[in-house]
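What follows is each chain in one-letter form.
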Amino acid sequence: MTPMVHLLLLPLLFTIAGGKDLEEKKGPFENTKLDVPEWTPVPYPIHQFQVTHPEVNHFRLSGEGVEDIKISNDGWLYLERPLDWSQDSHYMIMVEALADDEVVDDPIHVTINVLDINNHAPYFNQSSYSAMVLENRPAGVPFTRVFASDQDDPQTPNAQLSYSLVSQIPNKHHSVLFQIDPHTGEISTTEEGRQMLKAREGIQYGIGEDHSIDTLKAKFDNFCSVQKVPYEENPFFTCVERAEMRRNNVDPLEDPDYTLIVRVQDLGGESETALSGNTRVHIVVQQNLWVNPGPITVKENLKETYPLFIAKVQSNDPDAVYRLVQKEREFKFPFVITEDGEIHLTEELDREEKSMYTLVVLAMDNHDKEVEPPMEIHVLVEDENDNKPMCEHVESVFEVQEGEPAGSSVGELLAYDADEEGTLNAHLTYSIMSQSPDTDPAAFSIDDSSGRIQVLRFLQRKDQREYTLNVKVSDPAFSTVCKVVINVIDVNNEMPLFEKNDYGNHTLAEDTPLGHTVLTIRATDGDDPDSGSSLIEFHISAGDDDGVFTVHTDGKGVGQLVIARPLDFESSPTYRLQIDARNPEPLMKGLEYGSESTAYVSLSVTDVDEAPEFSLDILDVTVPENTTKGSVLLTVEAKDPEGKEIGFKLDGDTQGWLEIDAETGQIKTKGKLDRETLEAFEVTVTAFEKGNPQKSSERVVSVRLLDVNDNVPKLIETKAFICVKKPEPVLIKAKDADSSSFSYPFTFTLGSGKKSPNWELRTVDATTAKLTLKRMPNEDRTFNLPINIKDSAGMGVTQPLEVRVCNCTELGYCYMAPDGRDLGMGMGATIGILAGTLGFCIIVFIVVIKRVKKGGKKKAVTDEEERNAMM
């Protein structure tokens, strides 16, 4: 079987991006793009070129990759060898159709793009990694990173890598201590890792201490009693020495604390067919010396020698330089830090002045760069009982009603202590030292914890109006005495009594003004005049559902009945008011108000001839401007309170557009409305009694006209010019008297409706168009162009625009030759010129005569010679 037969039997697994028939090509640079997956089995057909030329019998290839890509005599482009994307991602070849050895048509340029397939597994740049991590390292902050590569196309998911942790060794507590960023490969601790990772125990060295054997011996002596056995023979010392050497020289690869198995996958790790690679990360946990010693507690008013050592910090960098700054930026900052990290207090502290300080310790290198994250240390000031209790008020005053049962609450005495709240130093106790006047038994008690004062017996105001208590308030070390005054107030056991219960009949005209006092009422109360029980309020409880009347009072038993709303004889000709006298304080239990606390008054309203009243206070109407003549815009409604016959009249119509029916109140149009003349206006309607026109009322009617599309867009300027040497487009602007809904945007077109070879008209914005001359005339000319302008509703007309094409002056205006100017002059100027011309002719005649006589000769002088003689 021939290779060609093999080609025809294979499935066409390819993407054609634009194959062309040779007969349909439009030029020699016609391109065809083909996509072919790499490592496709061969022979592999790519594309067949169809040829209609009868003499074509074979094809010729040239360009890149012709050793791998072939073409058969019948136009099949195929692979002879598999393509490798990593070697070359695309090939550019040229295909020529031949009749024997003669090219019969222009060549086709073919671009073959090699498509990457996922045939390379990702791999790490190291087979294993080592890293150090400090104890208490913040979760999520990377301390090392792994890196992997993939030889597939980086622009495809084939090279999109994702990192993950496969396992953590050891993992005895089944706690995930580490995490990895799936995109970057950065490894950090989890929150559990921050708390649980611990370094191997060992000797702690101070700043400036070396890790030599002599330093180790000195520390061994400090912790252990002096041994007579030499260090080299002491098994305890040699054990510590070996552990310390191992800790200081630990190799993560040989002796790691943790080993992480890390996997990398392509295809973003989201496919079951993803390829992967693995590596190991060996981790050693190092002791973190940068540990916060706070919170630090310091007693206030501490009597010590200052500066006083309170804490110490140590950086993991032995050469670190320490700085101490305050977070709150207070004026007072009594702390310093030494070069070896010791924090000292410089003076006594006062908790009442400041209860906590926040110190920020910075560890810097010699270049002033931070080698550790800033450390915030809280210093708490411990309270000392150095403040005595204080009374909230110099004199605390309370009130209690007489007759209250034993155990009734009088009030709570307020006191405070500036020492720390919630401690014994600020815990207060209360006790009554004395009572004035003294009674037996005592009249009051106080709760020793809360300061709540209670009544111990029945009190009568007539027996004693006021009591004074001296209350001792104490904390564990100090005490103070607070003065308390208790007033016994009257109980409301007396009801208000009217001077009379019926205030008779009163007559009022219905036009009586608001605020008018109808009558004065009085009541008395037998309770203590200095208490709330004796205050009297008056309330109209019946007979005035509309609130026409009200009672004004000062609370001392005198009230004025006044008019609060207009009277109306037609709706309410009479009133029978019930007025109650009441105390704001509740009556004593078992006592109720009786008829003695209620009074009545009868009122009669007399009729007054009133002006007509409109049914509405606001009269607005909105109508289209094209409302036809005689249309009813509004019917004004009014009536006379007494039922008399009324009429209507209309004023203020400056345009003469409206009229009113004097009988019915109908407002109609009597002329053509025009919004462009007046969009909104007001007229006044008067309703009057026909029998007494002076009794009238007025209302303003507001009329607003709605726009209709009754105007077309018009050119603002109807003439323009264009300079020949420097032609600039002409800007055409139009306007429309209608509102925006029937106005712009405008549509500009040439009146002919056809495309002009000489002119171009384009819209610039909603109201402007640009007219451009495309072909210059041979001479100055004036063109009358028909311009059609339509508004947004499609309404418009064609309008003439005169455009002059001319030579222009330097100032940019059309130049006009002298013979083209208007030489017409006025009558006076014409007479002056004629007189001058006649005088000139007479002078010339005299000169000629004199020359003839003097020379004795005849000489003909032409008009031109005369002008020369005069010059």
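As the structure is a prediction and not an experimental result, all values here were calculated from the model.

Rules used in this analysis
- Residues numbered from 1 in each chain as written.
- Predicted model: local features only at pLDDT ≥ 70, side-chain atom pairs only at ≥ 80, totals over all residues.
- Heavy atoms only, no water.
- Helix = DSSP H or I, 4+ residues; strand = E, 2+ residues; numbered from the N terminus.
- Buried < 20%, exposed > 50% of the residue type's maximum accessible area, 1.4 Å probe, protein only.
- Contact = heavy atoms within 4.5 Å.
- Areas by Shrake-Rupley, 256 points an atom, 1.4 Å probe, with all protein chains shown as cover.
- Patch = residues over 30% accessible without salt bridge, like charges linked within 9 Å, V, L, I, M, F, W, Y side chains within 5 Å.
- Salt bridge = Lys/Arg side-chain N within 4 Å of Asp/Glu carboxyl O.
- Pairing = 2+ DSSP bridges.
- Disulfide = S-S within 2.5 Å.
- Axes fitted to C-alpha atoms, helices over the stretch in contact; angles between N-to-C directions.
- pLDDT = per-residue confidence, 0-100.
- Phe/Tyr/Trp six-rings, centres within 6.5 Å; stacked < 30°, edge-to-face > 60°.
- Lys NZ or Arg CZ within 6 Å of the ring centre and 35° of its normal.

Novice: Could you clarify how one ought to interpret the overall build of the chain in this entry?
Specialist: Each helix and strand counted, the chain has six helices and 59 strands in total. A buried classification covers 36% of the 871 residues belonging to the chain. Pairs at least 24 apart in sequence give 66% of the contacts found in the chain among residues at least 6 apart. As displayed, the chain has an accessible area near 51,100 Å², and 51% of this comes from carbon and sulfur atoms.

Novice: Honestly, a nonpolar patch on the surface in this entry has me stumped. Any pointers?
Specialist: A surface patch of nonpolar side chains, amounting to about 480 Å² of accessible area, comprises L838, I842, F845, I846 and I849. Within the secondary structure, I849 sits in helix α5 (residues 827-855).

Novice: What's the story with the pattern of salt bridges in this structure? I'm lost.
Specialist: Close approach of charged atoms allows side chains of opposite charge to pair. Counting across every chain of the model gives 15 salt bridges. Here R576 and D502 are joined by a salt bridge, their closest N and O atoms 3.8 Å apart. In this pair, R576 is assigned in strand β41 (residues 574-582) and D502 in strand β36 (residues 502-509), connecting sequence segments 74 residues apart. Take R576: its relative accessible area is 44%, and that puts it in the partly exposed class. For R582, the salt bridge goes to D580, with nearest N and O atoms at 3.7 Å. Taking relative accessible area as the criterion, R582 reaches 22% and is therefore assigned partly exposed. Of the residues examined, D580 reaches a relative accessible area of 9% and is grouped as buried. Among the charged side chains, a salt-bridge network with shared partners connects K332, E347 and E353.

Novice: What's the story with the pairing of strand β44 (residues 619-624) in this structure? I'm lost.
Specialist: Two faces make up the sheet, and in a regular strand the side chains alternate between them. Only one face of β44 is buried, namely the one carrying L619, V621 and V623, since none of D620, T622 and P624 on the opposite face is buried. Bridge count between β44 and strand β51 (residues 696-706): six bridges; the pairing is parallel. What sits directly across from V621, in β51, is V703.

Novice: What exactly am I supposed to notice about the state of the cysteines here?
Specialist: Here a disulfide denotes one covalent bond, and it connects the sulfur atoms of two cysteines. Tallied over the full model, the rule gives three disulfides. Covalent S-S linkage joins C391 and C482, the inter-sulfur distance amounting to 1.9 Å. Across the S-S bond linking C391 and C482, the dihedral sits near -100°, which makes this disulfide left-handed. With C391 in strand β26 (residues 390-391) and C482 in strand β34 (residues 479-489), the pair connects residues that are 91 residues apart, well separated along the chain. No difference in accessibility class separates C391 from C482, as the two residues are buried. Sequence-ordered numbering of the bonded cysteines in the chain yields a pairing of 1-2, 3-5, 4-6.

Novice: It is not clear to me how the sheet that holds strand β17 (residues 258-265) should be interpreted in this structure. Could you clarify?
Specialist: Strands belonging to one sheet form pairs held by backbone hydrogen bonds; the direction of such a pair is parallel or antiparallel. Across the sheet, four strands lie side by side as β11-β18-β17-β14; this open sheet has mixed pairing. Strands at the two margins of the open sheet, each flanked by one partner only, are β11 (128-134) and β14 (162-169). For this sheet, the mean angle separating the axes of adjacent strands, direction not counted, is 30°.

Novice: What is the right way to look at the sheet that holds strand β37 (residues 517-524) in this model?
Specialist: With antiparallel pairing, four strands are arranged side by side in an open sheet as β35-β37-β40-β39. Bordering the open sheet on either side are β35 (497-498) and β39 (549-553), each of which pairs with just one other strand. Pairing analysis gives two bridges linking β35 to β37, with the strands arranged antiparallel. Counterpart to F498 in the pairing with β37 is A523.

Novice: Explanation requested: the confidence of the model for the chain in the structure shown.
Specialist: Low pLDDT means the predicted atomic positions in that stretch should not be read closely. Chain-level pLDDT for the chain is 82 on average; 84% of the residues reach the 70-or-more range. Low pLDDT, under 50, characterises residues 819-826; the predicted model gives this stretch three contacts beyond four residues in sequence or across chains. The low-confidence segment residues 856-871 (pLDDT under 50) makes seven contacts with residues lying over four places distant or belonging to another chain.

Novice: Would you mind going over the packing of aromatic side chains with me for this structure?
Specialist: Each aromatic ring pair is described using two quantities: the centre-to-centre distance and the angle formed by the ring planes. All told, the structure shown has 13 aromatic pairs when counted by the stated rule. In textbook terms, an aromatic cluster arises when at least three aromatic residues are bridged by ring pairs, as seen for F124, Y129 and Y163. Over the ring of Y357 we find K354, and its NZ or CZ is 5.5 Å from the ring centre. One Lys or Arg, R582, reaches over the ring of Y593 and ends 4.3 Å from the middle of that ring.

Novice: What exactly am I supposed to notice about unusual backbone geometry here?
Specialist: Working note: non-glycine residues mostly have negative phi, and peptide bonds are mostly trans. P170 follows I169 through a cis peptide bond whose omega is -5°. Residue position: P170 is located in the loop between β14 and β15 (178-180). Residue P441 follows D440 across a cis peptide bond; omega there is 0°. Mapped onto the secondary structure, P441 falls in the loop between β30 (429-436) and β31 (444-446).

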